[in-house]
2 protein chains.
Amino acid sequence: MNSSNNASLHEHHCDACRSDAAPITEFEAKELMTSIPLWGISNVTGVDQLVRTYTFKNFVEALKFTNRVGDIAEKENHHPEIRTEWGKVTVLWWTHKISGLHKNDFVMAAQTDQLFEN
Amino acid sequence: MNSSNNASLHEHHCDACRSDAAPITEFEAKELMTSIPLWGISNVTGVDQLVRTYTFKNFVEALKFTNRVGDIAEKENHHPEIRTEWGKVTVLWWTHKISGLHKNDFVMAAQTDQLFEN
């Protein structure tokens, strides 16, 4: 993947992912992370997950964002864990089928950033 | 608190909670837990939290439940963490002001069960 592709990562869509697909390599992950610099990689559950917390002025605004993330998840048929709290939403993207990170997760993280910014 | 009060826990409402309020005692917690037998107490973060996972047939149904929990949270002005995933919603209730469990949390857990059942 070259950097011009990375620059428009949020414009990509999810590819079908098979259970025997290889998780993304460390090199590819580092490259893709440059497009979503506010995300981290968490491994609390033993599975790599992209994670970012967004802040809001109250619970209602947080829940609105949760629903917007839900909309893109349904549209792309790829679903995150969304943790809604008073004034914040934490989104975790990973690919259940491969118990790890696929390019799809980076695409969805970039799309989530776009939602927040627009 | 007697058992007749416990039986209608979901009909209670949240009391105002001050930051110097005492967390619920272990004895009171055990008594209240009998009204919400499908909940557990988690302490992953060093703070006691009531936790229950509800299952659904897909992501959309899960997100609908998240919104219904959000509605009662706003109504009672007491807000949980709601973890929405494909086919499941995990709800965590605790009282930020006292970094632990207040009777309000048990009331809200009972109300959450009512939402799920109705």
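No experiment lies behind these values; they were computed from the predicted model shown.

(A) Here's a closer look at the pairing of strand 3 (residues 81-85) of chain B. Residue and element names in this part refer to chain B. Of all 5 residues in strand 3, 4 are buried, a share of seventy percent or more. Bridge analysis of strand 3 against strand 4 (residues 88-93) gives 5 bridges, and the strand direction is antiparallel. Among the inter-strand pairings, Arg83 is bridged to a residue of strand 4, identified as Thr90. Linkage of strand 3 to strand 4, two consecutive antiparallel strands, is achieved through a turn of 2 residues, within which Gly87 is found at a positive phi near 80 degrees.

(B) Broad picture of the interface of chain A and chain B. If you look at the interface, chain A gives 17 residues, while chain B gives 17 residues. When chain A packs against chain B, close to 1,400 Å² is buried across both sides, 62% of that on carbon and sulfur atoms. The interface formed by chain A and chain B contains 0 salt bridges. Run the count over chain A and chain B and you get 3 residue pairs in polar contact (both at pLDDT 80 or more). For the side of chain A that touches chain B, the elements supplying multiple residues, two or more each, are helix 3 (59-76) and strand 3 (81-85) of chain A. Two strands pair when backbone bridges link them, and strand 3 of chain A and strand 3 of chain B are joined in this way by 3 bridges, in the antiparallel orientation. Paired with Arg83 of chain A across the bridge in strand 3 of chain B is Arg83 of chain B.

(C) Spatial organisation of helix 3 of chain A. The first and last C-alpha atoms of helix 3 of chain A sit 26 Å apart over 18 residues, in line with the 26 Å expected at 1.5 Å per residue. Every buried residue belonging to helix 3 of chain A is among Phe59, Ala62, Leu63, Phe65, Thr66, Val69, Gly70, Ile72, Ala73 and Glu76 of chain A, and all of these are buried. Where helix 3 of chain A is buried, its residues touch strand 2 (49-55), strand 3, strand 4 (88-93) and helix 4 (103-117) of chain A together with helix 3 (59-76) and strand 3 of chain B. At the N-terminal boundary of helix 3 of chain A, the capping side chain belongs to Asn58 of chain A, with an oxygen 3.2 Å from the backbone nitrogen of Val60 of chain A. Asn77 of chain A sits one or two residues past helix 3 of chain A and shows a positive phi near 50 degrees.

What counts and what doesn't
Residues numbered from 1 in each chain as written. Chains lettered and ligands numbered in written order. Predicted model: local features only at pLDDT ≥ 70, side-chain atom pairs only at ≥ 80, totals over all residues. Heavy atoms only, no water. Buried < 20%, exposed > 50% of the residue type's maximum accessible area, 1.4 Å probe, protein only. Helix = DSSP H or I, 4+ residues; strand = E, 2+ residues; numbered from the N terminus. Pairing = 2+ DSSP bridges. Contact = heavy atoms within 4.5 Å. Buried area = accessible area lost by both parts, 1.4 Å probe. Salt bridge = Lys/Arg side-chain N within 4 Å of Asp/Glu carboxyl O. Polar contact = N/O pair within 3.5 Å; in protein donor to acceptor, adjacent residues only side chain to side chain. Expected span 1.5 Å × (residues − 1).

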